Amino acid sequence: MLLSATRSLPPEKRQQITEALAAMKQENPEIKTVQLKNKTVKFIPMAHAGQSLFYDHVKAAILAHKKEGYTVFYEQIKGSKPAASGAAPATDSLRLKFRKMIGTEPTRKTYSMLRTFFPGITVQPAYDSLGVTATDVNADVSTAQMVQLYEQLYGPITLDACDFKTPAGSGLYPCTPLKHNIDPVIKDFRNRELAKMIKAAPQRKILVIYGAAHINPVMDMIRR
């Protein structure tokens, strides 16, 4: 049923969904390596929902690489923390704008809804349960950065009554989403920023844990 619903999508979107479904079936993570002049960078393409055995193997790989001196660079969109209590409404608006921009909330609760179609899958465990510690690096951008870029590209995001009425963290987004292509924001921009972080990092051994769709473009960028 899910696959048949994708037939009306553009070919590139259907390909992305096909690859995501294949990733959910994997049991052994693939590890890719880029050797730069001054550092070794390894990548583990992640699925945000998949087989429990896959995540067991990811944890084992993370722990083994950390013993070898690797620092984990991981994917986790940074929230915008208000500087003071008075800044909270602006912060809430940013979160609501981001949700409207992508048409959902990228949370564990949202990913858990995939179990409706795939009863045997596991939502990606929290990073600390995979062996990631405070010495590792959140190598992602913030919601504020992405909202700002989207509005630079397409104009202001206008929230409506539905956006304010729908609680954050509710999973499904019942309001009217925006229509613009968000790949330049959620994929291309983040890929460029991750590549810049890797190249500028002082660490000589880096293990990147990121969504599978980001890996090949970032590998190409850091080789240049």
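Conventions used here
- Residues numbered from 1 in each chain as written.
- Predicted model: local features only at pLDDT ≥ 70, side-chain atom pairs only at ≥ 80, totals over all residues.
- Heavy atoms only, no water.
- Pairing = 2+ DSSP bridges.
- Helix = DSSP H or I, 4+ residues; strand = E, 2+ residues; numbered from the N terminus.
- Contact = heavy atoms within 4.5 Å.
- Axes fitted to C-alpha atoms, helices over the stretch in contact; angles between N-to-C directions.
- Buried < 20%, exposed > 50% of the residue type's maximum accessible area, 1.4 Å probe, protein only.
- Core = buried A, V, L, I, M, F, W, Y, C linked by side-chain atoms within 4.5 Å.

### Considerations on the sheet that holds strand 7 (residues 205-211)
- Taken in spatial order, the five strands of this open sheet run 1-2-7-4-6, and their pairing is mixed. Two strands bound the open sheet, and with one partner strand each, they are strand 1 (32-35) and strand 6 (137-138).
- In the sheet, strand 2 (residues 40-46) pairs with strand 7 via seven bridges, with the strands oriented parallel. Each residue of the ladder has a partner; that of Ile44, found in strand 7, is Ile209.
- Across the face of the sheet, helix 7 (residues 183-200) comes into contact with strand 2, strand 4 (71-74) and strand 7 while running at roughly 170° to strand 7.
- Packing of helix 8 (residues 212-223) onto the sheet brings it into contact with strand 1, strand 2 and strand 7, and relative to strand 2 it is tilted by some 160°.

### Description of the environment of Leu153
- Tracing the sequence through the fold places Leu153 in helix 5 (residues 143-154).
- Of the residues examined, Leu153 reaches a relative accessible area of 45% and is grouped as partly exposed.
- Spatially, the C-alpha atom of Leu153 lies 9.5 Å from that of His180, the residues being 27 residues apart in sequence.
- Apart from the residues within four sequence positions on either side, Leu153 is in contact with Pro184 and Val185.

### Focus: the nonpolar core
- In terms of nonpolar packing, the biggest core is built from 18 residues, with Val41, Phe43, Ile198, Val208 and Ile222 touching the most fellow members.
- Secondary-structure elements contributing two or more residues to this core are strand 2, helix 7, strand 7 and helix 8.
- Considering every element that reaches this core, the biggest residue donor is helix 8, with five residues.
- Apart from residues no more than four positions distant in its own chain, Phe43 is found in contact with Glu30, Ile31, Lys32, Val34, Ile198, Val208, Ile215, Val218, Met219 and Ile222.
- Counting 16 residues, the second-largest nonpolar core is a separate cluster that includes Phe54, Val58, Tyr127 and Leu130.

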